[in-house]
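Tertiary structure, described
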Amino acid sequence: MFCFNRLPFGITSAPSIFQKIMDQVLQGLPNVHCFLDDILVTGRNDAHHLENLEAVLSRLEKFGLRVQKEKCEFFRDSLEYLGHIIDATGLHKSPDKMCAIVDAPLPTNTSQLRSFLGLINYYARFVPNLSTLLHPLNGLLHKDIKWEWSKECDEAFRKAKEQLSSKSNLTHYDPQLPVILACDASPYGVGAVISHRMPGGKERPIAFASRTLSKAEQNYAQIEREALGIIFGVRRFHSYLYGRHFILLTDHRPLTTILSPSKAIPSMAAARLQRWALILAAHNYTIKYRRAADHGNADGLSRLPLPVQHKEKPGTIDTFLVNHLECLPIRCTDVRRETRSDITLSQVMEMVSTGRFPATKGSDSSLMPYLVRKDELTTSQGCLLWGNRVIVPPKLRKQVLEELHTGHLGVVKMKAVARNYVWWPGLDAQIEEKCKTCLPCQRTQKTPCLTPLHPWPWPTAPWQRIHVDFAGPYEGRMFLVVVDAHSKWPEVILMEATTSAKTIQALRGLFSHYGVPEVLVSDNGPQFTSEEFATFLKSNGIKHVRSAPFHPATNGLAERFVQTFKHSLKSSKGTSSVQRRLDAFLLQYRNTPHSTTQEAPAMLFLHRKLRTRLDLLKPSVAAVVDQAQDAQRSYRAVHSKSRSFSVGDPVLVRDYR
């Protein structure tokens, strides 16, 4: 069993773990910001910047971290960081945010132009000189004017997009301000705008998004296209919306009921709408209706969407036919055709037909397997045979291997079947490789033989290394098991809860009796891997050793005692309380010689045996001493005389000085 020494890629919690470590490494450094492996260092001037940079590099060196010089940029006046352009003047938007507006295609008819003008008019308060700017475009909307896209219209269209995506129009995302998501759909596109409602009541856009509909999506009903626009906006701006409340605006009134977070999903709604309603259920939002005349921002994006290449899925009938064509069996006609097209086999076929074989020495290596069998090669109906076995061309060998492996019979039986039907150079090796790389075969293989035993070193003193584990639940109780590695002395504590705090409390009580150990061995339970438990061990100078994941034998001392302990409690179930049975078991176990040390745990731990009721069976020296003392008292009583004194009686005292 192997365990990672470094954090691998692909783990869901890896980014948060890495970010936490980097925050701890760079904690306390001023003018330093870190997001994963991107570290931003700033300063008031060059000297201050160098001072901060030196502090960062020193901190990284202290924790054993290194940076690649090729990926570092120094003394930059501006840079792109987390999707923003940062320079001396402040924070600017990345051009990618406005691609839905800047890259919008030219309108080709009055309907598309009217949608674009509605988008501009919606944010009219942020676009200066709007009437002058839009004059050439407004002229194309007149009934008597023929549609003709002139240079003036093209210039007005370009300037309008520039004004709409200018700095004065977009605002930065602020978690403290209300968020509004407006979504809309047209017969050929969907669009979404995420905005802030400013303290004055005005709406300021944060970002725009749009895309064209695929061929299948264009066949949706209008209500489904409108719902698709909402799903597109929610997914596109997920990082802004998830985990906070926002207002969802749509110009399709039925969706306010179907997708309402406060109402049940209608059972008669289309399955597609029900699935989308479940997706929206993960968000905290309020859906509101806005009439189409006031919904020009999202409507304009949906009618002028960015072109997107959609991958068409193959039809069900085509997929069905292709899958069944691949499963057809190989026939002799297929072997004959592939034999003729293969360079090596076609040469062998000619040699067998004419009987002219080149000398083995100096021949091509690809012909050697056939030349050594030249006397046994024959042809039949355009196919090569070695004895009664068909020589399979290279293009068909993979499929023949799959056929031989049908039923997952194993290497021996696959070779036995192959010897009756087919052959090609290296067949046996390919059969073995096929079985070794077959995942179902490997999953059902017998358990491999045991590896050599690596026992723990025996401590030289009691309570030097302890093994801990939890047992249970048994009879509604959990037990903390602690075993001393030197003497095998066990301690079992009834636990009210198995949290880190309760575990620390129980261990602290044991440490007060026997002292603090040097090493503590445990599994990877949450109680033992928590930061609170690690701090407790570190503060007491205890080295923590955890067992390999999914390999409990690493902590075998505790695991084996848990097995013995559970067997004892189950055998004595119903005779008395759990605590009474536990005390009786511990007393007996501590006095019984251990199979490894051949000594009782009490002898190695306390250097004495514990007194039990069995000691009453053995003759006692104390009884002999008591009997002798009784005889001495009886003999003395014959020659002695009891005397009594009162306070104030005169007595004669002998002075031995």
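Residues numbered from 1 in each chain as written. Predicted model: local features only at pLDDT ≥ 70, side-chain atom pairs only at ≥ 80, totals over all residues. Heavy atoms only, no water.

Threshold: UniProt positions are given in the numbering used here, feature names are shortened, and annotations may be inferred rather than shown by experiment.
The name an unreviewed UniProt entry gives the protein is Gypsy retrotransposon integrase-like protein 1, with Clupea harengus as the organism. The Sequence similarities (unreviewed entry) field of the UniProt record for the protein holds the comment "Belongs to the beta type-B retroviral polymerase family. HERV class-II K(HML-2) pol subfamily."

Considerations on the side chain of Glu 226
Inclusion rule: Numbering goes from the N terminus for both helices and strands, where a helix is a DSSP run of H or I of at least four residues and a strand is a run of E of at least two. For every residue, the accessible area (1.4 Å probe, protein chains only) is compared with the maximum for its type, and the residue is labelled buried under 20%, exposed over 50%, or partly exposed between those bounds. Under the convention used here, Asp and Glu are negative, Lys and Arg are positive, and both His and the chain ends fall outside the count. Whenever a carboxyl oxygen of Asp or Glu lies within 4 Å of a side-chain nitrogen of Lys or Arg, that contact is scored as a salt bridge. Distance and chemistry together define a polar contact, namely a pair of N or O atoms within 3.5 Å, with one atom able to donate a hydrogen and the other to accept it when in protein, and with adjacent residues in sequence counting only for side-chain atoms on both sides. When checking whether two residues touch, look at their non-hydrogen atoms; a contact exists if any pair is within 4.5 Å.
When you line up the elements, Glu 226 lands in helix H8 (residues 222–236). Within the buried set, Glu 226 has no salt-bridge partner at all; the shortest N-O distance to an opposite charge, 6.8 Å, is to Arg 225. Side-chain polar atoms of Glu 226 contact the side chain of Gln 222, separated by 2.8 Å. Setting aside its immediate chain neighbours within four residues, Glu 226 contacts Asp 184, Ala 185, Thr 250, Asp 251, His 252 and Leu 255.

Details of the environment of Glu 217
Relative to the elements of secondary structure, Glu 217 occurs in the loop between strand E8 (203–212) and H8. Accessibility expressed as a relative area gives 13% for Glu 217, which makes it buried. In this structure, the C-alpha to C-alpha distance between Glu 217 and Gly 189, residues 28 residues apart in sequence, is 9.2 Å. In this structure the side chain of Glu 217 is engaged in a polar contact, spanning 3.0 Å, whose partner is the backbone nitrogen of Ser 214.

Considering the side chain of Thr 597
The residue Thr 597 is located in the loop between helix H25 (578–591) and helix H26 (601–606) in this model. We classify Thr 597 as buried; its relative accessible area is 19%. Ignoring anything within four residues of it in the chain, the contact list for Thr 597 reads Trp 458, His 486, Lys 488 and Leu 604.

Topic: the sheet that holds strand E7 (residues 189–197)
Put simply, the rule is: Strands qualify as paired when DSSP identifies two bridges or more between them. For helices, the axis comes from a line fit to the C-alpha atoms of the stretch in contact; other axes are also lines fit to C-alpha atoms, and the angle between any two N-to-C directions lies between 0 and 180 degrees.
Pairing is mixed across the open sheet formed by five strands, whose spatial order is E8-E7-E6-E9-E10. What marks the edges here is a single partner per strand, and that holds for E8 and strand E10 (284–289). Direction aside, the axes of adjacent strands within the sheet are offset by 20° on average. Relative to strand E9 (residues 245–250), strand E6 (residues 179–186) runs parallel, the two sharing three bridges. Looking across to E9, one finds that Ile 180 is bridged to Ile 247.

Thoughts on the sheet that holds strand E19 (residues 543–546)
Taken in spatial order, the five strands of this open sheet run E17-E16-E15-E18-E19, and their pairing is mixed. With partners counted over all chains shown, the strands left at the sheet margins are strand E17 (490–495) and E19, one partner each. Each strand of the sheet is rotated relative to its neighbour by a mean of 25°, with strand direction disregarded. Inspection of the sheet shows strand E15 (residues 465–474) paired to strand E18 (residues 519–522) by three bridges, in the parallel sense. Bridge pairing in E18 links His 467 to Val 521. Contacting E15, strand E16 (477–484) and E17, H25 runs over the sheet at an angle of about 170° to E17.

Focus on the layout of surface pockets
In plain terms, the rule: As defined here, a cavity is a set of points on a 1 Å grid over the protein atoms alone where a 1.4 Å probe fits but cannot get out. A pocket is an open set with protein on both sides within 12 Å along at least five of seven lines, and residues line them when an atom is within 4 Å of a point. Grid points are joined across faces, edges and corners, and a volume is the space filled by probe spheres set on the points. Under the scheme applied, nonpolar residues are Ala, Val, Leu, Ile, Met, Phe, Trp, Tyr, Cys and Pro; charged residues are Asp, Glu, Lys and Arg; polar residues are all the others, including Gly.
Estimates place the volume of the largest pocket at around 2200 Å³. Lining of the largest pocket is provided by 49 residues; of these, Leu 36, Asp 37, Asp 38, Ile 39 and Val 67 occupy positions nearest its centre. Among the secondary structure elements, those contributing two or more residues to the lining of the largest pocket are helix H1 (14–25), strand E2 (38–41), helix H2 (46–62), strand E3 (79–81) and strand E4 (84–87). Here the element with the most residues in the lining of the largest pocket is H1; it accounts for seven residues. Partitioning the lining of the largest pocket into residue classes produces 28 nonpolar, nine polar and 12 charged. The calculated volume of the second largest pocket comes to roughly 960 Å³. In this structure, the second largest pocket is lined by 29 residues; those nearest its centre are Leu 453, Pro 455, Trp 456, Ala 553 and Gly 556. Elements with a contribution of two residues or more to the lining of the second largest pocket: E15 and helix H24 (556–571). For the lining of the second largest pocket, the element with the highest residue contribution is H24, accounting for five residues.

As for helix H15 (residues 343–354)
Filter applied, for reference: Every helix has an expected span of 1.5 Å times one less than the residues it contains. Regarding the arc, it is the one traced by the directions from the helix axis to the C-beta atoms.
With 12 residues, H15 extends 17 Å between its outermost C-alpha atoms, agreeing within 8% with the 16 Å of an ideal straight helix rising 1.5 Å per residue. Among all positions of H15, only Leu 345, Val 348, Met 349, Met 351 and Val 352 are buried. Projected onto a plane normal to the axis of H15, the buried residues spread over an arc of 165° and lie on a single side. Opposite the buried face of H15, by more than 90 degrees, sit the exposed residues Ile 343, Glu 350 and Ser 353. Looking at the packing, one finds that the buried side of H15 touches helix H14 (332–341), helix H16 (368–371), strand E11 (377–380), strand E12 (383–386), strand E13 (389–391) and helix H17 (394–404). Capping of H15 at its N-terminal end is provided by Asp 342; its side-chain oxygen lies 3.3 Å from the backbone amide nitrogen of Thr 344. The positive-phi residue at the C-terminal boundary of H15 is Gly 355, with phi of around 75°.

Some details on the pairing of E9
Across the six residues of E9, five count as buried, placing the element largely inside the fold. As judged from the six bridges shared by E9 and E10, these two strands associate in the parallel manner. Bridged to His 245 within E10 is Asn 284.

Thoughts on the packing of aromatic side chains
The geometry of an aromatic ring pair is captured by two quantities: the separation of the ring centres and the angle between the planes. Just so we agree on the cut-off: Aromatic rings from Phe, Tyr and Trp, with only the six-membered ring used for Trp, were paired whenever their centres fell within 6.5 Å, and each pair was classed as stacked if the ring planes differed by under 30 degrees, edge-to-face if by over 60, and tilted otherwise. The criterion for a charge sitting over a ring is simple: Lys NZ or Arg CZ within 6 Å of the ring centre, and within 35 degrees of the ring normal.
Summed over the entire model, instances satisfying the criterion amount to 21 aromatic pairs. Both rings, one in Trp 489 and one in Phe 605, keep their centres 4.8 Å apart while their planes meet at 15°; by these two values the pair is stacked. Of this pair, Trp 489 sits in the loop between E16 and E17 while Phe 605 sits in helix H26, placing them 116 residues apart in sequence. Taking relative accessible area as the criterion, Trp 489 reaches 4% and is therefore assigned buried. Taking relative accessible area as the criterion, Phe 605 reaches 11% and is therefore assigned buried. Relative to Phe 533, the ring of Phe 528 has its centre 5.5 Å away and its plane inclined at 70°; by these criteria the two rings are edge-to-face. Classification of Phe 533 by relative accessible area gives buried; the value is 0%. Among the aromatic side chains, those forming a connected cluster through ring pairs are Phe 470, Phe 511, Phe 528, Phe 533 and Phe 536. Directly above the ring of Tyr 220 sits Arg 272, whose terminal nitrogen or CZ lies 4.0 Å from the centroid. Lying across the ring of Trp 386, Arg 373 places its NZ or CZ 4.7 Å from the centre.

A few points about the nonpolar core
Spelled out, the test is: Take the buried residues of types Ala, Val, Leu, Ile, Met, Phe, Trp, Tyr and Cys, join any two whose side-chain atoms come within 4.5 Å, and each joined set is a nonpolar core.
With 32 residues, the main nonpolar core has Leu 181, Ile 194, Ile 230, Phe 237, Leu 241, Leu 248 and Leu 259 as its most contacted residues. At six residues, H8 tops the list of elements feeding residues into this core. With residues up to four places along the chain from it excluded, the contact list for Leu 241 reads Val 179, Leu 181, Ile 194, Gly 233, Val 234, Phe 246 and His 283. Leu 507, Phe 533, Ala 602 and Phe 605 belong to the second largest nonpolar core, which has 22 residues in total.

Some words on the pattern of salt bridges
Applying the stated criterion across every chain, the model contains 14 salt bridges. A salt bridge links Glu 203 to Arg 197; its shortest N-O distance comes to 3.7 Å. Note that Arg 337 and Asp 334 form a salt bridge whose closest N and O atoms lie 3.3 Å from each other. Of the two residues, Arg 337 and Asp 334 are both situated in helix H14; the distance of three residues between them amounts to about one turn of the helix. Residue classification places Arg 337 among the partly exposed positions, given a relative accessible area of 47%. With a relative accessible area of 17%, Asp 334 lands in the buried category. If you follow the salt bridges from partner to partner, you end up with Arg 197, Glu 203 and Arg 290 in one network.

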